[in-house]
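Examination of the molecular architecture
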Amino acid sequence: MSEGFVPKILVFATEKCAYPGADAVGKAHLEYPSNVYIVRVLSPVLFPEDFYLRAYSKGIDGILIAACGSDCPYHGAYDRLAARIDQLTSRMSAGGLGIERIRLTTICTVCIKAFLKEVALLSDHLNRLGPVDRQLAERLRCESLERHQATARFPRPVAAMQGGL
Amino acid sequence: MNTHINSDVVPDALIVGAGIAGLQSALDLADQGLKVLLVERQGSIGGRMISLSKVYPTLDCASCITTPKMSAAAHHPNITVLTNTEVEGIESAEGMHRVRLLQKPTYVNFDKSIGCRLCEYACDTEYPDPFEQGLGPVRAIAVPFTNAIPQMAVLDAEHCGTCGTCARVCPTDAIEFDQQPRNLTIRAGAVIVASGYQLNVVTLKPQYNAERSQNIISPLTLERLLAPHGPYGRVLRPSDGKIPSSVAFVQCAGSRDESIGVPYCSGVCCMYSIKQAMLLSGALPLADITIYYMDIRAFGKGYEQFFQNAKAMGISFVRGKVARIDPLEGGDLSLHVESTGDAENPLEEHQHDLVVLAQGVIPAWSPSEATPVACASDGFVATPVRTAPTVTTAPGIFVAGTAAGPKDIVDTIAEAGAAAMQASEYLHQRRSVVALS
Amino acid sequence: MSNNDGYREQHEGEEMELACGGPEHDEEAQVQRQIDAGQRQADSARQQFESAHQHASDAAEPRVGVYVCRCGGNISDVVDVERVAETAQRIPGVVTAKVHTFVCSDPGQHTISNDILQENLDRVVVASCSPFLHELTFRGAVARGDMNPYLYEHVNIREQASWAHRHDPAGATSKAIRLIAAAVGKVRNAVPLDQIKLPNHRRALVIGGGIAGMKAAADLAGRGIQVLLVEISDRLGGHLNDWGQVYPSEDSAGELVAELTRQVREDPSIEILLGHKVTTVSGFIGNFKVLVEPVHRTEAAEAEVVVGAIIMATGFRSYVPQDGELLYKAAPCVLTMPEFIQLMRALGPQAERLTYGDQVIRNVAFLHCVGSRQLEGVHQPPANGKLNTYCSRTCCTTILQQALAVRKRFPQVGVFDFHQDIRTYGRGEEDYYTEASKAGVVFFRHNGDEPPRVEATPPSRARNGALSVTVKDALTWGEELTLGVDMVVLGTGMMAGEIANLIEQMKLATGEDGFLQEVHPKLRPVEVAVVG
């Protein structure tokens, strides 16, 4: 693993629970590394597999999906999300992309310690694993997208195929 | 921002006071589609909250949570804001309220002014800034403070040097030295009194000798010292600019004391002192901080935990009413306390370099003088209807916030919502009656 | 750019369908309807997206304005905001990048709306505090600049940068830059949106028929809104039905209840269901579908109603001490405050002596903070295992009111008060403390971590009373004193009501103390996170 490697961690935090939870960490003036980038999302179930793989191919080394769990305001979304991430991790494992690079967890609006713990855990894994093999990630992404387009009830708009998305 | 009104306009509700209670009531009514006239006697809306550093128990930046309400009210299409305007009197008849207003001259034409502040920068007459509790200077013509709404300069005639410099530099000729006070009578369907509070003065209790020392300060002064954009940018002792190393808070300095005519509890002082102590321990990590108290009234949601946290942070709590404060040579202060700590020597003497007197809450306005609203024996607005705590003795006139007694921000906002609802109901009923008849 | 109006007209009805669902028994048809509606929406959305994307690629380079807030030092103390703005200026598409001390303030917002007009901006990014504080504020500012408010993107560089990376200013600064670059990238692809309007059911549901629920119902009805008031017990008034006088007015609680009951019963806009409970809630603001069932199941069972808004007024539970706690249930004459109030009421105004059953009570001890202000290692948590660390805020005044009442009605009865603080903070409440003291109530004060003990007095010393209260009294400099008394009244506090099903149904947040959690503890004290 190269010296001075600083992993880039992407956190998808749900609007209802995890994002306010991340805010709570800042409000408590507790600290975590600055290479953690938090994106506010309504519900991660909206994102297909290849979306995460694209993140890896574009420079992200680890992804933390901080969801609402049983507090999810969208009926059934959390279960579907869990199933999708399950699929994703098996494909990542089969493809040689370390499954410790992705983690699905529940963070509530006041789960300060849990948030810090997850970030610390993921950082540890990534420091050990090193940066993602971008080409491998890109290959897995294309495979995933092709599968989706072939089988999905709602195939993606054409523009997406042209690498624009 | 809508700042104009003429006597022909009949707002649904007129709200006296644009502090947090007035702002909340205004927003609630305006969101219901009612037209609101918000009248404020100071140069800016925002009341007391805008001058605080942080609020308890969340330690939110006070400015950060007040400005959105100020902004929302200022920009709401249904709300008109009149600043520098006093209520001279209210007469009510047949469900309408004739409110006599006095618009004080600002000597600046708000239509022409663009808020560039060139007048302020050019003026070379200064006086102690009332917003900074007298700690820093302010120009004779100035925007009241950084986040003021409206963001317009106001000329203080009392301190003006009449040099004319501001008029010369003004790019839009907005300075009008001949502005006169303007009397205006507005008829409104309902009125909400949200005139707020003031703290009683530090010199109230003679035994505390506050007039003999600059280092015995009021809590609002400390708020400004602690505020991110305060007069010094840090906490310094007023007499000599020394960084304090031993700070004392004296609770119940302006309340629960028949000898000064304030027998009641002001409800907020325990909490604001604990808050200030916590902020101080962050700003002055090496300082000793002591709170001298009779009872710690941390009663609200999250308050008890806040108090326990303060204890855990090392702030000392000494149970004992401070009987006397003697200023010493060099600026320090000697506090005489009968503490419950030591049986052998209950009469203790402690030396501190800065003392904050937790002054009490008194009404900022007495509506009973010129309006049909009666006040109770404690000086605050009387609320005689037991099932409607925002209804006053005058039909169609309601009250919200500290005008009806000391209370914290949470209770003020809840009460403001209640007053708005009560006013809205009143208007609705009257209209239904009118429609039917 | 997008034919929003057509989209809205076409799909408004379907939005409703999706939201409200259909009757449970026709599940398959319902699911199919939802799929079909979803398909139509997806098709339409895809068309709209493609045309917008096409248009965006055809369109001229977007003109983005970036505003970086100092937040009065909260951000600028850690993040080098000047450098952030300089760097942002160089991002493709960014026309202007400015720093401001408080972007949320009026002048700050004015800068934004002004720049939109003057510099012809068509996208705006603000980097400041959490979007939960000001996203709406800035959307408003953008709208005032005549720009669609959804072409605005918010970046959090306070809670999630300056506050979370205080000791890494370099890291916080480059993170801020990255986040802003990401936001600019996102906002370039933003499509103007119009708010969809849905019909709103102008009817409110108030859950709980106590004093709060009744007042809420009366106010809403007074405003011309239909109300359904659901109460699980068979009477209105809640706890007040069991109380004598309320402080500080000393009004009769029963009369207060009667007055509000009259108001709600007389108003034709209010429908009252006693002995009923809410079992399921679904939907969203303006369109909540609620199932209401009688508590005791009968033939004509559930009713489904649609309401626009819901008020939770389910109240509290009085703390009940554990068996044996301070000798509660282990000795006669140890009462909770509600039990004592009942006793005082039952005695009636003619009673000359304070009696409990057969026993004449000669002296009473009142203990504060029972079940409240609990400390780790000092108190036992209640059955749910969580300590009640909060203050119940009404017990101090209640205790003093009762203590004073005893002294006035039964001057021969000695009254002793054991407290850590006297919290008579409200309007008119301090008088109870002063009067109680003048009336001869004797006060003892203890530290929070050394609460008084209640024990059975050994028979040899039971002259003053069968119960002994022992306290390390701060008012006599920590001397340990033991008092024999005939009766001990525990100043019991409040606990959250048992509303687990409602919490589950409406996904309500609860706080550490078990009570419902409001959106913002200072500014929005009566709203919960679920809108409506």
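Reference entry: report on the structure contained in this document. (Residues numbered from 1 in each chain as written. Chains lettered and ligands numbered in written order. Predicted model: local features only at pLDDT ≥ 70, side-chain atom pairs only at ≥ 80, totals over all residues. Heavy atoms only, no water.)

Considerations on helix 3 (residues 77-95) of chain A
Residues and elements named next belong to chain A. Inclusion rule: Helix and strand definitions here come from DSSP, where helices need a minimum of 4 consecutive H or I residues and strands a minimum of 2 consecutive E residues; each element is numbered from the N-terminal end. Any helix carries an expected span of 1.5 Å times its number of residues minus one. To sort residues, take the accessible area from a 1.4 Å probe on protein chains only and compare it with the maximum for the residue type: under 20% means buried, over 50% means exposed, and anything in between is partly exposed. The directions considered for the arc run from the helix axis to the C-beta atoms. Contact between two residues is taken to exist if any of their heavy atoms lie within 4.5 Å; hydrogens are not considered.
Look at helix 3: 27 Å from first C-alpha to last across 19 residues, which is about the 27 Å you get at 1.5 Å a residue. Those residues of helix 3 that fall on the buried side of the exposure criterion are Ala-77, Leu-81, Ile-85, Leu-88, Thr-89 and Met-92. Viewed end-on, helix 3 has its buried residues packed into an arc of 100°, placing them on one side of the element. Set apart from the buried face of helix 3 by more than 90 degrees, the exposed residues are Asp-79, Arg-80, Asp-86 and Ala-94. As for helix 3, its buried residues are in contact with helix 2 (49-57), strand 3 (62-67) and strand 4 (102-106). Two residues or fewer past helix 3, Gly-96 is found with a positive phi of approximately 95°.

Some points on the interface of chain B and chain C
Test applied: Two parts placed together each lose some accessible area under a 1.4 Å probe, and the buried area is that loss summed for both. A pairing counts as a salt bridge when a side-chain nitrogen of Lys or Arg comes within 4 Å of a carboxyl oxygen of Asp or Glu. Any pair of nitrogen or oxygen atoms within 3.5 Å is treated as a polar contact; in protein, a donor-acceptor pairing is required on top of that, and neighbouring residues in sequence qualify only through side-chain atoms on both sides.
Facing 72 residues of chain B, the contacting portion of chain C comprises 58 residues. Interface area for chain B against chain C, summed over the two sides, is near 5300 Å², with a carbon-plus-sulfur share of 51%. Applying the counting rule to chain B against chain C returns eleven salt bridges. A salt bridge links C:Glu255 to B:Arg386; the shortest N-O distance between them is 3.5 Å. If you look at where chain B meets chain C, you find 35 residue pairs in polar contact (both at pLDDT 80 or more). Among the elements of the structure, helix 2 (62-75), helix 7 (303-312) and helix 8 (409-436) of chain B are those that each provide at least two residues to the side of chain B that touches chain C.

Topic: the sheet that holds strand 1 (residues 9-14) of chain A
All names here are of chain A. Basically, it comes down to this: In this scheme, strands are said to pair when DSSP sees at least two bridges between them. The axes are straight lines fitted to the C-alpha atoms, using for helices just the contacting stretch, and the angles between their N-to-C directions are given from 0 to 180°.
Taken together, the four strands give an open sheet; going across it, the order is 2-1-3-4, and neighbouring strands pair in parallel fashion. On the outer flanks of this sheet lie strand 2 (36-41) and strand 4, each paired with one strand and no other. The sheet shows a mean angle of 20° between the axes of neighbouring strands, taken without regard to direction. Contacting strand 1, strand 2 and strand 3, helix 1 (residues 18-27) crosses the sheet at an angle of about 115° to strand 1. On the sheet, helix 4 (residues 112-129) packs against strand 1, strand 2, strand 3 and strand 4 and is oriented at approximately 160° with respect to strand 3.

Observations regarding helix 5 (residues 134-151) of chain A
Residues and elements named next belong to chain A. Taking 1.5 Å per residue as the helical rise, helix 5 with its 18 residues ought to reach 26 Å, and the 26 Å between its terminal C-alpha atoms agrees with that figure. Turning to helix 5, its buried residues are Leu-136, Ala-137, Leu-140, Arg-141, Ser-144, Leu-145 and Gln-149. The distance from a side-chain oxygen at the start of helix 5 to the backbone nitrogen of Gln-135 is 3.2 Å, and the residue carrying that oxygen is Asp-133.

Some thoughts on the sheet that holds strand 19 (residues 414-419) of chain C
Residues and elements named next belong to chain C. Pairing is parallel across the open sheet formed by five strands, whose spatial order is 15-24-18-19-20. Each end of this open sheet is capped by a strand with a single partner; those strands are strand 15 (334-336) and strand 20 (442-445). For this sheet the average axis-to-axis angle between neighbouring strands, irrespective of direction, equals 20°. Relative to strand 18 (residues 363-370), helix 11 (residues 395-409) is tilted by about 175°, and along the sheet it contacts strand 18, strand 19, strand 20 and strand 24 (487-492).

Points about the interface of chain C and chain A
At the interface, 26 residues of chain C touch 29 residues of chain A. Carbon and sulfur atoms supply 55% of the area that chain C and chain A bury against each other, a total of about 2400 Å² over both sides. When the buried surface of chain C facing chain A is broken down by residue, C:Phe132, C:Gln160 and C:Lys507 rank first, second and third, together holding 24% of it. At the surface where chain C touches chain A, the tally comes to two salt bridges.

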